[in-house]
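Report on the structure
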Amino acid sequence: MVPGFGKNVVFESNQRTNLRRFFVMNKTIHRRQFLGTTLATGAVATAAGIGLIKPRLAFADNVPGWPAKAFDAKVLKDAMSNTIGKTQVAVSSKVKLTAPSIAENGGAVPVTIEIDSPMTADDYIATVYLFVDHNPTPLTSQFTFTPACGQAYIQERIKMAKTDNVRVVAKTNKGEFMASAPREVKVTIGGCGG
């Protein structure tokens, strides 16, 4: 009896053969097929590993709105001008940056950002940028907020190559900028390849 069919179902000879093929997977793989498939898979993996094949869809510079130039910048001045259009922002007491004065591991430095904002439809923090002055990539993070977030608050761990200043720049929905005072974090073990 075939599952899903009644007791008194009669199948003709060719129908039985098709059902047998459908229900019974009697496929054998030959040694040549196995070796060919294995070698082809290995060749593709090797080509991808050495950079001959590049998954273009996964690159962030192809995503609309992604600030690739800002994240690729190697100097703080370039990173700031590519993100906010200027290199100096006035320090505001509304932007609070908390980071340890000494970080034992530069690979995971805890940072907390809190910005005093009403977060209403008329007045809210739209974007927050986190910079480390002399890191290999000074722009370490960019966050986008909406009034639905309720508050502009972030906790994260960042990588720091060496002892350096950490700073935050916030942009309101009205296009106004405010910054935290730079905070020096002393790193005892580098996190960016150091």
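Residues numbered from 1 in each chain as written. Predicted model: local features only at pLDDT ≥ 70, side-chain atom pairs only at ≥ 80, totals over all residues. Heavy atoms only, no water.

Comments concerning the overall build of the chain
- Tallying secondary structure elements over the chain gives four helices and nine strands in all.
- Counting helices and strands in the order they occur from the N terminus, the chain gives α-α-α-α-β-β-β-β-β-β-β-β-β.
- Within the chain, the fraction of its 194 residues that count as buried is 31%.
- For the chain, the proportion of contacts with a sequence separation of at least 24, taken over those separated by at least 6, is 62%.
- Of the roughly 13000 Å² of accessible surface on the chain, 54% is carried by carbon and sulfur atoms. (Helix = DSSP H or I, 4+ residues; strand = E, 2+ residues; numbered from the N terminus. Buried < 20%, exposed > 50% of the residue type's maximum accessible area, 1.4 Å probe, protein only. Contact = heavy atoms within 4.5 Å. Areas by Shrake-Rupley, 256 points an atom, 1.4 Å probe, with all protein chains shown as cover.)

Overview of the nonpolar core
- Among the nonpolar cores identified, the biggest contains 26 residues, and Ile 113, Ile 115, Ile 125, Val 128, Ile 158, Met 160 and Val 166 are the most heavily contacted of them.
- At the level of secondary structure, the elements contributing two or more residues to this core comprise β1 (95–98), β3 (109–115), β4 (125–132), β6 (152–158), β7 (164–172) and β9 (183–187).
- Among the elements that line this core, the one with the most residues is β4, at five residues. (Core = buried A, V, L, I, M, F, W, Y, C linked by side-chain atoms within 4.5 Å.)

Let's talk about the side chain of Thr 127
- Mapped onto the elements of the fold, Thr 127 is located in strand β4.
- The contact partners of Thr 127, leaving out residues within four places of it in the chain, are Gln 142, Phe 143, Thr 144, Val 169, Ala 170 and Lys 171.

Quick word on the environment of Asp 72
- With respect to the helices and strands, Asp 72 occurs in helix α3 (residues 68–72).
- By relative accessible area, Asp 72 is classed as exposed at 52%.
- Remark: the alpha-carbon pair of Asp 72 and Leu 139, spanning 67 residues in sequence, is separated by 8.4 Å.

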